[in-house]
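Residues per chain are reported as follows:
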Amino acid sequence: MPTTDNQDQSGERSVGIVETKLFTFPSLTLDNGETIKPLEIAYETYGKLSPNKDNAILVCHALSGDAHAAGYHEGDKKPGYWDNYIGPGKAIDTNLFFVISSNVIGGCKGSSGPLSKNGKTGKPYQSSFPFVSIADMVNAQEKLVSHFGIEILFAVAGGSMGGMQALQWSVSYPDRVKNCIIMASTSEHSAQQIAFNEVGRQAILADPNYLKGEYSFEHRPAKGLALARMVGHITYLSDELMREKFGRKPPKGNIQSTDFAVGSYLIYQGESFVDRFDANSYIYVTKALDHFSLGTGRELTAALSVVKCRFLVVAYTSDWLYPPYQSLEIVKSLEVNAIPVSFVELNNPAGHDSFLLPNPEQESIIRDFLLSSWEEIG
Amino acid sequence: MNTRLTKIIQEIDLQNRPDISYIANLIQTNERILDLGCGFGELMLLLKQKGVRVQGIEKDERCVIQCVKRGLYVHHGDIDHGLKHHLDKSFDYLILNQTIQQTLNPGDIIKECLRIGKKVIIVFPNFSHWQIRLSILLSGKTPVTDLMPFHWYDTPNLHFLSAQDFKDFCEIETIKILQTASFNRRREIKWLPNLFASLSLFVIAQNEKN
């Protein structure tokens, strides 16, 4: 698949050099009654907020993502994770929209999470950080959005875990969202999805360096976290794409621990993940995913009876981690509630990761879904 | 009405689709409509312009993408197994515009449509059109005509029926026929429609006794 990553850095279709910023709020009370004090949220923005503040799109990231959705950080060669879709003239057009990309709480990329300092002890929370739900993540984002003086989001969009946040937004704040874009996502994890996350968490817990979450930064449970990421990565690609990419080829270079290219790919993915992610955060965020549930069938229909925005739901035939039937559950429940929804199942071979990759069809679906709403209002 | 929608509608050639204008006239503002096999969404656009709450189902990916681009609400799926979740009588009309002959189980789908919709509009190519009759009689082969331009091996049409066949079906199943109309490419046909119409339209509803 062709990428436009480096060509765009100085090109017209990039948001250019960006910076992750931090908002600090006095506190946030979580669904379970505990309070995070202070509450910090890392975020980036692209484009300009209109004078009447009606053109904001909140972008929500997936499990290992962060606030850096588009453009380049100073000196970086690779752009933000959704740079294919956000920029001037792109699907989420920054000439028209003001994009806010916020980092979730519970993670380790700048927002409050296990690495943050506990106000009471002056030391990092680590495993004493309170349990955070998807709804809590959304409530934190709501503070950020309100801080900008934005009453109604023109849209909230995300894939995978980002899709769950977008869906939760439409339920938690039905009067504050006009459009909701949900890609490769679900209204609740199936046993299979929980199972993959459980294997990841157990790999971390089994690491001798884990020490019930109170590990030192010199001796982190790196092997456990790398294994967790390896399991995750298997689920992000399709069988077809793996066969095409790796087949039964031998590993590149001098890797002693594996006989196959796919093995060395996974080892690389696991090892590089350890450098940029925290093991405790991995546990917190995957638990938030597993506990997220708006139900299925009638339960989901009842949960979605409050929503008021229009929806675009995109699924991928080759996505076996969040298979299309889960997107259809959402669509059907919306339809029963007579909520306007478009559902597209794209026959893209890239598996779960499809929502991140460049795809002209997908780009125009998102662009035109947003534009049709923009022009109807305007 | 926004300029984008008006522009798209202007681009659609409705000159040769008397059936679409006829259906658009039947439906009132604010009614809720489900268009089964909505294609590129021509009818849905006309209805949307009229202020009708319309959504569609379509299995062809290209059509679905085009509908989303046009700001229409469409569900990418197969009506042979995509209707069960809809509640009884949740739509004012269900529309099967040249769709029924392409489904696997037309009888079941029509009954399912009558459950979901207060009324059902059904349009299909009339297999008893004189050209088709003549073509079978003279050539002894499965007809290939303007309206059914496919061969037996590449046609999406799985079932062939005539206006008379459909009336018989409604009688056997005690389905109420509320209205009928017949068309050729350009206009409505009133005289001997089972012979001269290439398209047959029926508006049906569940018999209250059922």
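The numbers attached to residues start from 1 for each chain and follow its sequence in the written order. To label them, take the chains in the order written and letter them from A, then take the ligands in the order written and number them from 1. Restriction of local features to residues with pLDDT of at least 70 applies here, the model being predicted, together with a cutoff of 80 or more for giving and counting side-chain atom pairs; totals for whole chains, interfaces and linings are based on all residues. As a convention, hydrogens and water are excluded, and side-chain values are obtained from all of the structure's heavy atoms.

Please set out the overall build of chain A residue by residue, giving values where relevant.
Going along the chain from the N terminus, every DSSP run of H or I of four or more residues is numbered as a helix, and every run of E of two or more is numbered as a strand. In terms of regular secondary structure, chain A is built from 10 helices and 12 strands. With C-alpha atoms as the basis for the radius of gyration, the globule rule is written as 2.2 Å multiplied by the number of residues raised to the power 0.38. Radius of gyration (C-alpha) of chain A: 20 Å, near the 21 Å computed for a compact globule of 378 residues. Principal-axis analysis of the C-alpha atoms gives chain A an extent of 60 × 50 × 50 Å. Partly exposed residues are those whose accessible area sits between 20% and 50% of the maximum for their type, while under 20% is buried and over 50% is exposed, using a 1.4 Å probe and protein chains only. For chain A, buried positions account for 60% of its 378 residues. Contacts: residue pairs with any heavy atoms within 4.5 Å of one another. A separation of at least 24 residues holds for 74% of the contacts in chain A among residues at least 6 apart in sequence. Of the roughly 15,500 Å² of accessible surface on chain A, a fraction of 53% belongs to carbon and sulfur atoms. Treating the 32 positive side-chain charges of chain A as one cloud and the 42 negative ones as another, the clouds have centres 4 Å apart. Where accessible areas are quoted, they stem from the Shrake-Rupley method and a 1.4 Å probe; at the residue level, only the protein chains shown are allowed to cover. Here the positive residues are Lys and Arg and the negative ones are Asp and Glu; neither His nor the chain ends is included. For this purpose, a charge sits on NZ of Lys, CZ of Arg, CG of Asp or CD of Glu.

Residues and numbers for the pairing of strand β2 (residues 53–58) of chain B, please.
All names here are of chain B. Of all 6 residues in β2, 5 are buried; the element is thus mostly enclosed. Should DSSP find at least two bridges between two strands, the strands are regarded as paired. Here strand β1 (residues 32–36) pairs with β2 via 5 bridges, running parallel. Bridge assignment links D35 to a residue of β2, and that residue is G56. The crossover handedness rule: strands pointing away from the viewer, path from first strand over the helix to second strand clockwise, crossover right-handed. Between the parallel elements β1 and β2, the chain passes through helix α3 (residues 42–49) in a crossover that is right-handed. Sheet topology places β2 next to strand β3 (residues 73–76); 4 bridges connect them, and they run parallel. When the bridges of β3 are listed, Q55 appears paired with Y73. Following the backbone out of β2, through helix α4 (residues 61–69) and into the adjacent parallel β3, one traces a crossover that is right-handed.

Which residues make up the pattern of salt bridges, and what values do they have?
Within this document, salt bridges are pairs made up of a side-chain nitrogen of Lys or Arg and a carboxyl oxygen of Asp or Glu, the two lying within 4 Å of each other. In this structure the tally under the stated criterion is 14 salt bridges over all chains. Across the salt bridge formed by K308(A) and D175(A), the nearest N and O atoms sit 2.4 Å from each other. Placement of the pair is K308(A) in the loop between α8 (297–303) and β11 (310–316) and D175(A) in the loop between α2 (161–172) and β10 (177–183), with a sequence separation of 133 residues. Taken as a pair, K308(A) and D175(A) share a single burial class, namely exposed. Between D60(B) and R62(B) there is a salt bridge, with the nearest N and O atoms lying 2.7 Å from each other. Judged by relative accessible area, R62(B) falls into the exposed class, the value being 57%. What you see here is one network of salt bridges that share partners, running through E198(A), R201(A) and D290(A).

Lay out the confidence of the model for chain A with the relevant residues and their values.
Residues at a pLDDT of 70 or more form 97% of chain A, whose mean pLDDT is 94. Note: pLDDT gives the predictor's confidence per residue, expressed from 0 to 100. Overall, residues 1–8 of chain A carries pLDDT values under 50, and its contacts beyond four positions in sequence, including any with other chains, amount to 14 contacts.

Tell me what's going on with the nonpolar core, and back it up with residues and numbers.
All names here are of chain A. Residues grouped as a nonpolar core are buried Ala, Val, Leu, Ile, Met, Phe, Trp, Tyr and Cys residues, joined through side-chain atoms within 4.5 Å. In terms of nonpolar packing, the biggest core is built from 75 residues, with I105, M137, W169, L304 and F311 touching the most fellow members. Top element by residues in this core is helix α7 (residues 279–291). It accounts for 7 residues. Where each domain starts and ends follows an automatic or database-derived domain assignment. Both domains that furnish three or more residues to this core are identified here as domain 1 (21–189 + 292–377) and domain 2 (193–288). For W169, the residues in contact, after removing those within four places along its chain, are L58, V138, Q141, E142, V145, L153, V156, P174 and V177.

I'd like a description of the interface of chain A and chain B, backed by residues and values.
Every contact between the two is made by 25 residues of chain A and, on the other side, 19 residues of chain B. A simple way to read buried area is as the amount of 1.4 Å-probe accessible surface that goes missing from two parts once joined, with both sides added. Overall, the association of chain A and chain B removes approximately 2,000 Å² of surface from exposure, summing both partners, and the carbon and sulfur fraction of that is 54%. On the chain A side of the interface with chain B, the three residues burying the most area are E335(A), V336(A) and E375(A), jointly 25% of the side's total. Inspection of the region where chain A meets chain B yields 0 salt bridges.

A description of the UniProt feature "binding site: substrate" (unreviewed entry) in chain A should follow, citing residues and the corresponding values.
All names here are of chain A. UniProt positions are given in the numbering used here, feature names are shortened, and annotations may be inferred rather than shown by experiment. As recorded in UniProt, the feature "binding site: substrate" (unreviewed entry) lies at R229 and D353. A stretch of 125 residues holds the annotated residues, and the largest C-alpha distance among them is 14.3 Å, short enough that they meet in one place. Considered against the largest pocket, the annotated residues that line it turn out to be R229 and D353. Topologically, R229 is positioned in helix α4 (residues 222–236). Among all residues touching R229, those that are not within four sequence positions of it are S64, Y236, Q269, G270, F273 and R276. Following the sequence through the fold, D353 ends up in the loop between β12 (341–346) and α10 (360–377). For D353, a relative accessible area of 18% translates into the label buried. Other than its neighbours up to four places away in sequence, D353 contacts Y236 and L237. Cavity and pocket criteria rest on a 1 Å grid covering protein atoms alone: a 1.4 Å probe that fits but cannot get out defines a cavity, protein on both sides within 12 Å along at least 5 of 7 lines defines an open pocket, and an atom within 4 Å of a point defines a lining residue.

Account for the state of the cysteines, with residues named and values stated.
Any two cysteine sulfur atoms lying within 2.5 Å of each other are counted as a disulfide. Per the counting criterion, the structure on display carries 0 disulfides over all chains. In this model C180(A) remains outside any disulfide bridge; the closest cysteine sulfur is found in C309(A), 4.9 Å from its own. Judged by relative accessible area, C180(A) falls into the buried class, the value being 0%. No disulfide involves C38(B); its sulfur sits 4.2 Å from that of C67(B), the nearest cysteine. Its relative accessible area of 7% is what places C38(B) among the buried residues.

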